[in-house]
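# What the coordinates show
Listed below, chain by chain, are the residues.
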2 protein chains.
Amino acid sequence: MSLLVTGSIGIDTVTTPYGVSENCIGGSAVYFSMAASFFCGVRFVGVVGSDCPFDLAEVFAARDVDLTGLEVRDSSKTFRWKGSYRDIMSDAVTDDVQLNVLAEAPPSVPAEYKDSKFVFLANTAPALQQQLLKQIKDPSFVAADTMNCWIENELDDLKVLLKEIDALIINAEEARQLAGENNLVKASELILDMGPGVVIVKKGESGSVMCTKDREKFILPAFPASVVKDPTGAGDSFAGGFMGYLAQKDKVDFDSLKTAIAYGTVVASFTIEGFSLKGLTSIKKADVDKRFEALRKLTRF
Amino acid sequence: MSLLVTGSIGIDTVTTPYGVSENCIGGSAVYFSMAASFFCGVRFVGVVGSDCPFDLAEVFAARDVDLTGLEVRDSSKTFRWKGSYRDIMSDAVTDDVQLNVLAEAPPSVPAEYKDSKFVFLANTAPALQQQLLKQIKDPSFVAADTMNCWIENELDDLKVLLKEIDALIINAEEARQLAGENNLVKASELILDMGPGVVIVKKGESGSVMCTKDREKFILPAFPASVVKDPTGAGDSFAGGFMGYLAQKDKVDFDSLKTAIAYGTVVASFTIEGFSLKGLTSIKKADVDKRFEALRKLTRF
């Protein structure tokens, strides 16, 4: 089933205890698409400036990623992010951010994408997420990400968006902030009351928790990685694996959602093993499936 | 099979967002015994001063806890701990600690306990843990806990102890500190190289990870509690459920260790629902078993 993503393409400079990766490709839509393309084709919507040093057709050459929705905007500049991870590498410190083209009008959704059934709205201003979503005719499952600055500054817009999506995928700290509740189980239930039928709270190296409107729950630890070189993109890769599996299966019952979370967890565990996209470009679907079975074995009692 | 615990009995004053519990019963041996006694009889070794306001025979009236090893030391004072938990309640802040009798000679192990097969050495100076362990004739499975101050100040003693025990049960931060390695998988493997055949890293609300000498691994999230009134004693209750199950089963193969971790997780999840021992005294074994099955369902995909 068709899967569409809207999100960022970035020029990242990342420093971790393993080294520095300068001006490498990043951005939510890029990580998402690379992750989701293990499972199904991806329709990509994003915008770069004329300065973008990456040829996305080349980046995704081996994957089924449709770039009709990629806009190269003349006289604009590509989004840039500079960040570092220290010690236990659980949180990035943003050293510099230049929104550039992301602060302008969003790209539009191509006509041939408007029938997309599975949609992921990566983190951006909730008003823009709404505007992008309105361009899809009749989606069957829409997931979105958000972050602290929108919860603080654009809460009304975010609350409107929450009524229009099926799943919110959010970090633990942001879930606490959005719900105004420190206990994550209660926070998830409060967010469910705001609209989405599914809330997935990402807890980094501690895994994730999913709660549904029917009050069903699923908890899964992260895959125990012995090498974490660069956590950048883990959350978007998680979302990519999750949505990719669901779109491939064309089902969103609770068992499928659980399997999708496990696939998201596994794909993210590859992402963090290398800088930029290396962890994802160096593996095949068979590696993903093998680690999926390993994760099942690691957690079963 | 016989299970012996050595550890503290404390007079605790605990403040959490849910209120204050003044001069209530606490201590590692107390939480451990209450937890383990869901599964098997417990041989208790600990010492209080003559000021101790608690009648331990009454505390454990409904449980199979043998108090022959409880010493009431005249002219000594009972251990006291005052702590508080704030916000997300993941870490206690120690507001005051009075070691009192814990700074004196440890209690001795009664003759009738010396044939104990399963032994838990709760956190204390590693030289004292060794001294206590030497009094057991031929134990078949010994687990110990430790903490940051012994890693910092008594590392040589701790390293001797690590060669004499089968399992180390330790917090994530302490595992990182002991191993000198931030990645928990690598840290666990480095600790295995120091002696114990099993390392269990407790991650609070993020669950636990077990690694064995055979490089087998098991990861389990915490039970998703919607009410956390007082996290005090969670780690010792975890150890109690873990060791209680193993002693009852009289087996330490990998499957049994995994089930034991799940039982430890479940028992700890009851502990944190109430102040002091309330979470453990208000339930029956059937409640533990019911939540064990719920945890299995919550984590299975």
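This report concerns the structure included in the present document. Here the structure is a predicted model, which is why all the values come from computation and not from measurement.

### Quick notes on the environment of A:Leu184
All names here are of chain A. In this structure, Leu184 sits in helix 7 (residues 184–192). Residue classification places Leu184 among the buried residues on the basis of a relative accessible area of 10%. With sequence-adjacent residues up to four places away left out, Leu184 is seen in contact with Ala172, Ala175, Arg176, Val201 and Lys203.

### Considerations on the packing of helix 3 (residues 126–134) of chain A against helix 5 (residues 155–162) of chain A
Residue and element names in this part refer to chain A. Running from N to C, helix 3 and helix 5 point in directions that differ by 30 degrees, and their axes come no closer than 8 Å. Like other packed secondary-structure pairs, helix 3 and helix 5 cross with a definite hand, here left-handed. Together, Pro126, Ala127, Gln129 and Gln130 of helix 3 and Asp157, Leu158, Val160 and Leu161 of helix 5 make up the contact between the two elements. Within the contact of helix 3 with helix 5, the residues separate by chemical class into 5 nonpolar, 2 polar and 1 charged.

### Things to note about the interface of chain A and chain B
The interface of chain A with chain B comprises 32 residues on the first partner and 32 residues on the second. Together chain A and chain B conceal approximately 3000 Å² of surface at their shared face, both sides included; 57% is due to carbon and sulfur atoms. Our enumeration of links across chain A and chain B arrives at 2 salt bridges. Among the ionic pairs, B:Glu205 bridges to A:Arg176, the shortest N-O distance being 3.0 Å. Our count for the chain A to chain B interface comes out at 17 residue pairs in polar contact (both at pLDDT 80 or more). Looking at the side of chain A that touches chain B, the elements that each hand over two or more residues are helix 7, strand 13 (217–220), helix 9 (254–271) and helix 11 (285–299) of chain A. If you tally residues by element for the side of chain A that touches chain B, the top one is helix 11 of chain A, at 6 residues. For the side of chain A that touches chain B, a count of residues per class yields 17 nonpolar, 5 polar and 10 charged.

### A closer look at the pairing of strand 8 (residues 118–121) of chain B
Residues and elements named next belong to chain B. Here strand 8 shows two buried faces, one formed by Phe118 and Phe120 and the other by Val119 and Leu121. Direction of pairing for strand 1 (residues 3–6) relative to strand 8: parallel, over a ladder of 4 bridges. Paired with Val5 across the strands is Phe120, a residue of strand 8. Where strand 8 meets strand 9 (residues 141–145), 4 bridges bridge the pair, whose relative direction is parallel. Bridging from a neighbouring strand, Leu121 pairs with Ala144 of strand 9. A crossover connection joins strand 8 to the parallel strand 9 through helix 3 (residues 126–133); in handedness this β-α-β unit is right-handed.

### What to know about the packing of helix 8 (residues 234–249) of chain B against helix 9 (residues 254–271) of chain B
Residue and element names in this part refer to chain B. One way to put it is that helix 8 packs onto helix 9 with a least axis distance of 7 Å and a crossing angle of 140 degrees. The angle between helix 8 and helix 9 falls in the class oblique. When you trace helix 8 past helix 9, the crossing you get is right-handed. Contacts from Ala234, Ser237, Phe238, Gly241, Phe242, Tyr245, Leu246 and Lys249 in helix 8 reach Ser256, Leu257, Thr259, Ala260, Ile261, Tyr263, Gly264, Thr265, Val267, Ala268 and Thr271 in helix 9.

### Quick notes on helix 8 (residues 234–249) of chain A
Think of an α-helix as turning once every 3.6 residues; residues three or four places apart then point the same way. Residue and element names in this part refer to chain A. Taking 1.5 Å of rise per residue, 16 residues should cover 22 Å, and helix 8 covers 22 Å from first to last C-alpha, within 8% of that figure. Among the 16 residues in helix 8, 12 count as buried, and that is most of the element. All of the buried residues along helix 8 are Asp236, Ser237, Phe238, Ala239, Gly240, Gly241, Phe242, Met243, Gly244, Tyr245, Leu246 and Ala247. Looking one or two places after helix 8, you find Asp250, whose phi comes out positive at around 55 degrees.

### What to know about the sheet that holds strand 6 (residues 79–85) of chain B
Residues and elements named next belong to chain B. One open sheet accounts for 4 strands, arranged 3-2-6-7; its pairing is mixed. Pairing within the sheet leaves two strands with one partner each, and these edge strands are strand 3 (19–26) and strand 7 (92–98). Mean inter-strand twist for the sheet, computed between neighbouring axes without regard to direction, equals 15 degrees. Of the pairings in the sheet, the one linking strand 2 (residues 10–16) to strand 3 comprises 6 bridges and is antiparallel in character. Bridge pairing in strand 3 places Val14 opposite Ser21.

### A look at the sheet that holds strand 13 (residues 217–220) of chain B
Residues and elements named next belong to chain B. The 9 strands are arranged 5-4-1-8-9-10-11-12-13 in an open sheet whose pairing can be described as mixed. What marks the edges here is a single partner per strand, and that holds for strand 5 (65–73) and strand 13. Sheet twist, expressed as the average angle between the axes of neighbouring strands with direction ignored, equals 15 degrees. Contacts between helix 6 (residues 172–179) and the sheet are confined to strand 10 (167–171) and strand 11 (198–202), with strand 10 contributing the most and set at about 115 degrees to the helix.

### A few points about the relation of the copies chain A and chain B
Of the transformation superimposing chain A on chain B, the axial component is 0.0 Å and the angular component is 180 degrees, with the fit at an RMSD of 0.0 Å. A rotation of that kind, with that shift, is consistent with a two-fold axis. Interface overlap between copies: 100% of the residues of chain A at the interface are likewise at the interface in chain B, consistent with a symmetric, same-surface contact.

### A closer look at the pattern of salt bridges
Residues and elements named next belong to chain B. Applying the stated rule across the entire model yields 27 salt bridges over all chains. Here Arg73 and Glu104 are joined by a salt bridge, their closest N and O atoms 3.1 Å apart. Of this pair, Arg73 sits in strand 5 while Glu104 sits in the loop between strand 7 and strand 8; the two residues are 31 residues apart in sequence, bridging distant segments of the chain.

### A short note on the side chain of B:Ser37
All names here are of chain B. Looking at the element boundaries, Ser37 is found in the loop between helix 1 (28–36) and strand 4 (42–49). Owing to a relative accessible area of 12%, Ser37 belongs among the buried residues under this scheme. Within the structure, the side chain of Ser37 is placed 3.0 Å from the backbone oxygen of Met34, a separation counted as a polar contact. Reaching out from Ser37, the side chain makes a polar contact with the side chain of Arg63 at a distance of 3.2 Å. Sequence-distant contacts of Ser37, defined by excluding residues within four places in its chain, comprise Val42, Arg63, Asp64 and Val65.

Criteria and cut-off values
Residues numbered from 1 in each chain as written. Chains lettered and ligands numbered in written order. Predicted model: local features only at pLDDT ≥ 70, side-chain atom pairs only at ≥ 80, totals over all residues. Heavy atoms only, no water. Helix = DSSP H or I, 4+ residues; strand = E, 2+ residues; numbered from the N terminus. Buried < 20%, exposed > 50% of the residue type's maximum accessible area, 1.4 Å probe, protein only. Contact = heavy atoms within 4.5 Å. Axes fitted to C-alpha atoms, helices over the stretch in contact; angles between N-to-C directions. Left-handed = near helix turned anticlockwise from the far one by under 90°. Nonpolar A, V, L, I, M, F, W, Y, C, P; charged D, E, K, R; others polar. Buried area = accessible area lost by both parts, 1.4 Å probe. Salt bridge = Lys/Arg side-chain N within 4 Å of Asp/Glu carboxyl O. Polar contact = N/O pair within 3.5 Å; in protein donor to acceptor, adjacent residues only side chain to side chain. Pairing = 2+ DSSP bridges. Right-handed = clockwise from strand over helix to strand, strands pointing away. Parallel < 35°, antiparallel > 145°, perpendicular 65-115°, else oblique. Expected span 1.5 Å × (residues − 1). Least-squares fit on C-alpha atoms with pLDDT ≥ 70 in both.

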